[in-house]
Amino acid sequence: MEPIFNLVHVVMVIINAFRTNGTFCSLQGEPVYPLLSKDGDIIVGGIFPFHRTWENTEISYEVNLDFRAMQYSQSLIFAIEEINNSSSLLPGVSLGYKIYDTCSSTGMGVKMALALVNGNENSILDEPCTKPTQAQAIIGETYSSVSMAIAKTVGPFSIPLISHDATCECLSDKRIYPTFLRTVPSDYYQSRAMAEMVKQFGWTWVGAIRRDDVYGNSGMAAFTEAAEQMGICLEYSLPFIRTYSQEKVLRIIQQIKSSTSRVIVAFVTYWDLEILLDVFHEHNITGYQWVGTEGWISDSTVARLDKHKILQGAIGAIFTEFWETLFNCKYTVQNDSEDIMCTGQEKLSEIENEFTDMTMMPIFNNVYKAVYAIAHTLHNLLGCKQTCPTKKQPDPLTFLEHLKRVRFKTKEGEEVYFDKNGDPASKYEIINLQTIDDHHEFVTVGYYDSSLLAHNRLAHMPVSVCSESCPPGTRKAVQKGKPICCFDCIPCAEGEINSIKCEQCYQDFWSNTHRNECVKKEIEFLSYEETMGILLTAFSIIGTFMTIIIAIIFFRHKNTPIVKANNSELSFLLLFSLALCFLCSLTFIGQPSEWSCVLRHTAFGITFVLCISCVLGKTIVVLMAFRATLPGSNVMKWFGPPQQRLSVLAFTLIQVLICVLWLTTSPPFPFKNLKHYKEKIILECQLGSAVGFWAVLGYIGLLALLCFILAFLARKLPDKFNEAKFITFSMLIFCAVWITFIPAYVSSPGKFTVAVEIFAILASSFGLLFCIFFPKCYIIIMKPEQNTKKQILIKVPVK
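Residues numbered from 1 in each chain as written. Predicted model: local features only at pLDDT ≥ 70, side-chain atom pairs only at ≥ 80, totals over all residues. Heavy atoms only, no water.

Colleague: Even after reading the chapter, I still don't get the overall build of the protein chain, so can you show me in this structure?
Modeller: Within the protein chain one finds 22 helices and 25 strands. Here the protein chain, with 799 residues, has 51% of them falling under the buried criterion. Within the protein chain, counting contacts between residues at least 6 apart in sequence, those at least 24 apart form 69% of the total. Accessible area for the protein chain stands at about 38900 Å²; split by element, carbon and sulfur atoms hold 59% of it. (Helix = DSSP H or I, 4+ residues; strand = E, 2+ residues; numbered from the N terminus. Buried < 20%, exposed > 50% of the residue type's maximum accessible area, 1.4 Å probe, protein only. Contact = heavy atoms within 4.5 Å. Areas by Shrake-Rupley, 256 points an atom, 1.4 Å probe, with all protein chains shown as cover.)

Right, here's the structure in full:
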C-alpha cells in the first residue's frame, strides 16, 4: 500500500497545479506543521522519525518516542546557528529550518516532504500560484524505506534529499533517485567492512539474521556477495521483522539451535533486537559471537535490555553516540538518584567539552555535515565573499548540480564530498560491546575504510568454521553437496605449494618438503669442488705432467737411436697434442658459459685430430720405411719430413673447417635442462647443431680407423722394434673407448654425461701415451744397452 500512497500524493500535486491555471492555489487536506522551526532567508528542511508509529496504539510515550530523532534535530539546529553566527560562511544570509516528524511511516514521510515543498498557506486571490519551493534542501530521513519514498516524491522537483542514516545500497542508483545524497556510507561499504572484519577474525562459517525489508535484504545481499568473494560461507540467512508470527519466530530459533556455526551476523535495527533478546533467552540461545550493523551495535537501549549478556562481546561498525553521554543526563531518574533528568531541549551551543567538535558523534556529525554541505553550496552560488550580494534562493536544479560537486573540510579537517552516486567516503570504527559488572562499554578496537582493514584482534575469540584450515602442503577439496567452507585436505603434488589451492611453482623453483613454499631448484653441473670433478681434474693434470716428463726424456735423449728411429719430430708434435688433449678436458668442468661451451667441443675436436694425424703420420712412416728397404725403392722421398708435416696440417685443417662451419651456423650454448629432473636444473652445453658435433666426432673416428688399419697391416713387419704394433694396440684402445662412449653418452643423466665425455678423452689419451711412449721410455731409462743402432736394426723373423 505504501507505494500506492506515495503515487497518490504526487498525482494530487500535479492535478492541483493544473486546476490553478497559474492564478490561485488551494490547500488540500489538513495542514501539517513543523515540530521545530525558525524563519530565515533560506529554509533548510528536516525530516526525522520522532515517533515509532503514527497510529493511535496503547504503546507508552517512552516506548513510542525515539530520542535519537531529537538528537538529530538538535545537531541540525546547532549547525545552522553556528553558520548564522559565522562571518566567513554565508555572511549576511540567515538560514532557517523547519523540522517535521515522519512517525517512522513512509506515507507520513511523503506528506511531510510535500509540506516542505509546497508550504501550508493558501494563496491570496489573483496571486500567482507558481513560487519557489519552501525548503532549499531536505535533510533526512533516518530509514532507507522512508527515504526511498521521499526521494521519489521530491526528485521530479530537483529538490535535494540528504540523508544522515539511510544506508540501503539501492539509493546509490541515480537513475531512480537522482536528487538523493547522503553523508553516511552505503550498506555496500558497511557490508564489505563487516565481511572483511569477519574474515580478519578467521570466522569462515557463520549464520545471519536480517531485517525483512529493503534495509535488511539489500544489506545482507551485499554482505553475502562480499563474503563469498572472501571465502566465508553462510550456514543460514534468516529474515525477521517485528510483525512476524510466533510460529515464524520459533522456526528461526530451531534453525539457529540446529546449526554448527558460532557467529551470527545481524542486519537488523535495535527495535528488532528488543524482541529477539527475550526470545533468545527463553530458548537458551547463548554463547554466540554477534556481529552487528550500525542499526543496533551502538544503541544503549539494546545494551541495557541485554540483561542476560547474550550480546556480550558483539562487534560491528559504529555510526552513533549517545545523547545521554553528550549532556551527562538521564532520561529516567530514580527518586533517590542525583542524576540530572534530560529534558530533550538541551542545546549543543551551551556546552563546551570534547563532544562539541562532533568527532565523537559520527551519526550526529552526519547531520552536521549535511547542513554545512548546503551552506557551502549556497555560499558558492550566491557569490559570497566579504558579504553575499544577494539573498535570493537559487533554483532547485542549479542548486542540486552544485551540491553534487561541493567539496570542503570541516573544522576538524575531515574532507566532505559526494561521489558520482551521491555517497561519501566510507570510514568506520570497529567497536566491541563489553559488559563488566552490569556496566556496558563500547570499546573501539579498530578502524576500516574502503581500502584498509586495521589488523586488530580480540582476545579469547570463538572459533566458527565448518572445517579446520588445511595444514601446509595440502589443498582444499570441497565436500560434495556442501558449501565451499566445508572441505577435506588433500596433499599437494610434488612441485606444488598451497595458498588457497595447490599452485605449480615457477619453472626455476620447486616445493620444499612441507610444500608450503617454493624454493630455488638445485642447480647441477660438474664442478671442481665435488669429488668426481676433483678426481677428473687430478687425472687431467697427471696426464699433462706425465706427457711433459716424457717430452723432457725424449728431448734429453733426442740423439739416441730409439728416438731417431721413431721420427722424433712427429713424436714431439704428438706429445704436444696429447698435452693439449689432457688439458682440454678441463674445459668440460665448471658451470657452462658461452665461451666454455664453444671452447670445449672445438678444442677437443681439433687437438684430437692433431693427435691422430701425428699417429697416422708415424704409421705411414713405418710402412714407407720398410718399403724403402726393398731393392730399387725410393718411396721415402715421397713421404719425407715436409710431406709428414703437410699431412698433419692438412688433416687438422679439415677439422678446423668443420668446427668453423659448426660455430657459424649453430654453435653450442649454455642451456637449463628442466626435463630430466623435476626437482633440479641441469646446466649443460646444448650442442646447437647435432650434425656439427657428430661430424667432428665422426672425422676423428675416421682418422682413427684408418690409422688402426694401416698399423694393423704393418704389425708383422720384420724388425726387433716395430712401432706399428704399439700403434695398433693404442688405436684398438682408442676405438674401443670411443665406441663405448656413444651409448654411455646418450644414456647418462645430467653431469654424468659430461663425466663420460671427459673419461673418454682421458682414457684414449692415456692409451696413446702408454702404448706409444712407455715402451721407448722403458728402454731409454731401464735398458740403455738396447738403445743402440745395432739393436734397432736387428731383423726379427716373421711368424
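There is more to say after this.
Colleague: Would you explain the nonpolar core in this entry?
Modeller: Where a protein is soluble and globular, its nonpolar side chains tend to be buried together. Counting residues in each nonpolar core, the largest one holds 65 residues, and the members touching the most others are Phe-604, Met-731, Phe-734, Trp-738, Leu-768 and Phe-773. Sorting the residues of this core by element identifies helix 14 (531–556), helix 15 (561–565), helix 16 (568–584), helix 17 (594–628), helix 18 (641–665), helix 19 (690–713), helix 20 (723–747) and helix 21 (751–781) as the ones contributing at least two each. No other element matches the 15 residues that helix 21 contributes to this core. Excluding its chain neighbours within four sequence positions, the residues that come into contact with Met-731 are Ile-612, Val-615, Ala-704, Cys-707, Phe-708 and Leu-768. In terms of nonpolar packing, the next biggest core, distinct from the first, is built from 49 residues, Met-148, Ile-150, Ile-256 and Leu-273 among them. (Core = buried A, V, L, I, M, F, W, Y, C linked by side-chain atoms within 4.5 Å.)

Colleague: Would you mind going over the side chain of Lys-369 with me for this structure?
Modeller: Its place among the elements puts Lys-369 in helix 12 (residues 362–381). Residue classification places Lys-369 among the buried positions, given a relative accessible area of 9%. Contact partners of Lys-369, with chain neighbours within four places excluded, come to Thr-183, Phe-408, Thr-410, Glu-414 and Val-416.

Colleague: In this structure, what is going on with the sheet that holds strand 6 (residues 180–182)? I would like to understand it.
Modeller: What holds strands together in a sheet is hydrogen bonding between their backbones, with the strands either parallel or antiparallel. Strand order in the open sheet made by the six strands is 1-3-2-4-5-6, with mixed pairing throughout. Pairing within the sheet leaves two strands with one partner each, and these edge strands are strand 1 (36–38) and strand 6. Neighbour to neighbour, the strand axes of the sheet diverge by 25° on average, direction disregarded. Looking at chain direction, strand 1 and strand 3 (residues 95–101) are connected through three bridges and run antiparallel. Looking at strand 3, one finds that Lys-38 is bridged to Tyr-97. The strands that helix 13 (residues 396–404) touches are strand 4 (135–139), strand 5 (161–163) and strand 6; relative to strand 6, the one it contacts most, it runs at about 35°. (Pairing = 2+ DSSP bridges. Axes fitted to C-alpha atoms, helices over the stretch in contact; angles between N-to-C directions.)

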